[in-house]
Amino acid sequence: MSYGIKPLGTRVVIKEVVAEEKTASGIVLPGSAQEKPQMAEVLAVGPGSEDEKMELKVGDKVIFSKYAGTEVKFNGEEVMILSQRDVLAIVE
């Protein structure tokens with residue numbers, strides 16, 4: 001399935017995972033009151049390059065660098081395009 005954005009080289013398209021969070025006292029913090037999440041789901045991956053093979057696949061949950069990537073609005077959704085090098089880990 002194609003997402004509609006085809007990243008080039010070793011870039012990936014991700015969508016941040018935003019979850020409500022409760023404080024110790026039971027107050028629910030909406031997504032806007034929290035620190036920006038660093039966990040996301042991979043929506044599309046590039047083909048890789050001769051120097052760096054693509055290790056990520058669509059559907060992976062990942063943790064990425066705090067100041068990485070470029071935010072883009074596509075089909076009414078906020079997504080991010082970043083280099084595979086900015087992905088720190090795959091969440092299993």
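Residues numbered from 1 in each chain as written. Predicted model: local features only at pLDDT ≥ 70, side-chain atom pairs only at ≥ 80, totals over all residues. Heavy atoms only, no water.

A word on the overall build of the protein chain
Just so we agree on the cut-off: Elements are defined by DSSP. Helices are runs of H or I of four residues or more, strands are runs of E of two residues or more, and each kind is numbered from the N terminus. Any residue under 20% of the maximum accessible area for its type is buried, any over 50% is exposed, and the rest in between are partly exposed; the area is computed with a 1.4 Å probe on protein chains only. It only takes one pair of heavy atoms within 4.5 Å for two residues to be counted as in contact. Residue-level accessible areas treat just the shown protein chains as cover; the underlying method is Shrake-Rupley with a 1.4 Å probe.
Along its length, the protein chain carries zero helices and eight strands. Shown N-terminal to C-terminal, the secondary structure of the protein chain runs as helices and strands in the order β-β-β-β-β-β-β-β. Within the protein chain, the fraction of its 92 residues that count as buried is 27%. Nonlocal contacts in the protein chain, meaning residues at least 24 apart in sequence, comprise 62% of its contacts between residues at least 6 apart. If you sum the accessible surface of the protein chain, you get close to 6400 Å²; carbon and sulfur atoms cover 52% of it.

Comments concerning the nonpolar core
Where we set the bar: Residues grouped as a nonpolar core are buried Ala, Val, Leu, Ile, Met, Phe, Trp, Tyr and Cys residues, joined through side-chain atoms within 4.5 Å.
The biggest cluster of nonpolar side chains holds 11 residues, and these are Val-12, Ile-14, Ala-40, Val-42, Met-54, Leu-56, Val-62, Phe-64, Met-80, Leu-82 and Val-87. Leave out the neighbours within four places in its chain, and Leu-56 touches Val-12, Val-45, Val-62, Gln-84, Val-87 and Ile-90. The next biggest cluster of nonpolar side chains, apart from the first, holds six residues, and it includes Tyr-3, Val-13, Ala-44 and Val-79.

Comments concerning unusual backbone geometry
Positive phi, normally seen in glycine, also occurs at Asn-75, with a value near 55°. Along the polypeptide, Asn-75 turns up in the loop between β6 (70-74) and β7 (77-83). With a relative accessible area of 65%, Asn-75 lands in the exposed category.

Notes on the packing of aromatic side chains
Cut-off, in case you're wondering: Think of it this way: a Phe, Tyr or Trp ring, Trp meaning its six-membered ring, pairs with another when their centres are within 6.5 Å, and the plane angle makes it stacked under 30 degrees, edge-to-face over 60, tilted otherwise.
Summed over the entire model, instances satisfying the criterion amount to one aromatic pair. Summarising the aromatic geometry, the rings of Tyr-3 and Phe-74 are spaced 5.7 Å apart at their centres and angled 50° between planes, so their arrangement reads as tilted. Here Tyr-3, found in the segment before β1 (11-16), pairs with Phe-74, found in strand β6; they are 71 residues apart in sequence, far enough to count as distant. Phe-74 gets classed as partly exposed once you look at its relative accessible area, which sits at 22%.

Some remarks on the pairing of strand β4 (residues 39-45)
The side chains of a regular strand alternate, residue by residue, between the two faces of the sheet. Put simply, the test is: Two strands make a pair as long as DSSP finds a minimum of two bridges between them.
Summarising the sheet, β1 and β4 pair through five bridges and their orientation is antiparallel. Looking at β4, one finds that Val-12 is bridged to Val-45. Taken together, the three bridges between β4 and strand β5 (residues 61-64) define a ladder with antiparallel strand orientation. Note on β5: the bridge partner recorded for Met-39 is Ile-63.

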